[in-house]
Amino acid sequence: MEIELRVNGALRRVEADPMARLLDVLRVGLGLTGTKEGCGEGECGACTVILDGELACACLVPACQAAGAAVTTIEGVAFAERLHPLQAHFAADGGAQCGICTPGMIVAARHCLDRNRSPTRTQVREAVAGNLCRCTGYQRIVDAVVAAALDPKAQP
Ligand code: FES
Ligand code: FES
């Protein structure tokens, strides 16, 4: 079936099996390979996207369920001409190491900052609680999100 989605603000149409995973629609159908696959079972958060305003694991969402939805992937987090401060601080402050968790982590953090411009460290930890990281110990991830929240460039 042809599926129509609004991806990172642009209307996209793609042929997909109705039960194909949104993860594969994004990565294979649309070439948006920033969204990563970790567990493929809804446990790790590597595939996190924002689906109609809510965080979702793209590995668990069938294409037919995503039809007509608005999806934000890591490719939609940056501003037109520059990185979002979350991306800049993850890179500069050690929030990204191997990088597998990083796109999903940043999407979850962006969802948090869109709702709360001044999150506490506890609120940041809660916001990324569904995203597992094997490398960083989370401290530097929280540091990066808090620094990005304070960064005046966080506004478009
Ligand atoms: Fe989707 Fe792990 S790949 S939650
Ligand atoms: Fe490697 Fe998080 S940076 S899993």
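Residues numbered from 1 in each chain as written. Chains lettered and ligands numbered in written order. Predicted model: local features only at pLDDT ≥ 70, side-chain atom pairs only at ≥ 80, totals over all residues. Heavy atoms only, no water.

> What is the right way to look at the side chain of Thr48 in this model?
Tracing the chain through its elements places Thr48 in strand β3 (residues 48-51). Judged by relative accessible area, which is 7%, Thr48 ranks as buried. A distance of 2.6 Å separates a polar side-chain atom of Thr48 from the backbone oxygen of Gly45. Within polar-contact distance, the side chain of Thr48 engages the side chain of Asn131 at 3.3 Å. Dropping the residues within four chain positions of it, Thr48 is found in contact with Leu55, Ala56, Gly104, Val107, Ala108 and Asn131. (Helix = DSSP H or I, 4+ residues; strand = E, 2+ residues; numbered from the N terminus. Buried < 20%, exposed > 50% of the residue type's maximum accessible area, 1.4 Å probe, protein only. Polar contact = N/O pair within 3.5 Å; in protein donor to acceptor, adjacent residues only side chain to side chain. Contact = heavy atoms within 4.5 Å.)

> What am I meant to see in helix α6 (residues 139-150) here?
Note: α-helices contain 3.6 residues per turn, so residues at a spacing of three or four share the same orientation. The end-to-end C-alpha distance of α6, which contains 12 residues, comes to 17 Å, matching closely the 16 Å that a straight helix rising 1.5 Å per residue would cover. Tucked into the core, α6 has its buried residues touching α3 (85-92), α4 (102-115) and α5 (121-127). (Expected span 1.5 Å × (residues − 1).)

> Teacher, can you tell me more about unusual backbone geometry here?
A negative phi angle is the norm for most residues apart from glycine, just as the trans form is the norm for most peptide bonds. Even without a glycine there, the phi angle at Asp52 is positive, about 45°. Judged by relative accessible area, which is 52%, Asp52 ranks as exposed. Its identity is not glycine, yet Tyr138 carries a phi of approximately 75°, on the positive side. With respect to the element layout, Tyr138 can be found in the loop between α5 and α6.

> Any chance you could explain helix α1 (residues 22-29) here in plain terms?
Taken residue by residue, α1 has Leu22, Leu23, Val25 and Leu26 as its buried positions. Contacts made by the buried residues of α1 are with β1 (2-7), β2 (10-15), β3, α2 (63-66) and β5 (70-72). Just downstream of α1, Gly31 is the residue with a positive phi angle, here 70°.

> So what exactly am I meant to see when it comes to the side chain of His111 here?
Following the sequence through the fold, His111 ends up in helix α4. Those residues in contact with His111, other than ones at most four positions away along the chain, are Ile50, Gly53, Glu54 and Leu55.

> Hey, could you run me through the nonpolar core in this one?
If you look at soluble globular proteins, the nonpolar side chains tend to sit buried side by side. The biggest cluster of nonpolar side chains holds 22 residues, and the ones touching the most others in it are Leu5, Leu22, Val25, Leu26, Leu30, Leu51 and Ala58. Elements with a contribution of two residues or more to this core: β1, α1, β3 and α2. At four residues, α1 tops the list of elements feeding residues into this core. Setting aside chain neighbours within four positions, we find Ala58 in contact with Arg21, Leu22, Leu23, Leu26, Cys47 and Val49. The next biggest cluster of nonpolar side chains, apart from the first, holds 21 residues, and it includes Ile50, Val77, Leu113 and Val142. (Core = buried A, V, L, I, M, F, W, Y, C linked by side-chain atoms within 4.5 Å.)

> Just checking my understanding: could you explain the pattern of salt bridges for this structure?
Between side chains of opposite charge, pairing is possible as soon as their charged atoms come close. Per the stated rule, a full pass over the model turns up five salt bridges. Among the salt bridges present, the one from Asp24 reaches Arg21, with a minimum N-O distance of 2.8 Å. A relative accessible area of 23% places Arg21 in the partly exposed class. Between Asp114 and Arg110 there is a salt bridge, with the nearest N and O atoms lying 3.0 Å from each other. Note that Asp114 and Arg110 are positioned in helix α4 at a spacing of four residues, about one turn of the helix. Its relative accessible area of 47% is what places Asp114 among the partly exposed residues. One network of salt bridges, in which partners are shared, links Arg21, Asp24 and Glu37. (Salt bridge = Lys/Arg side-chain N within 4 Å of Asp/Glu carboxyl O.)

Treat this as a map of the structure, not an account of what it does.
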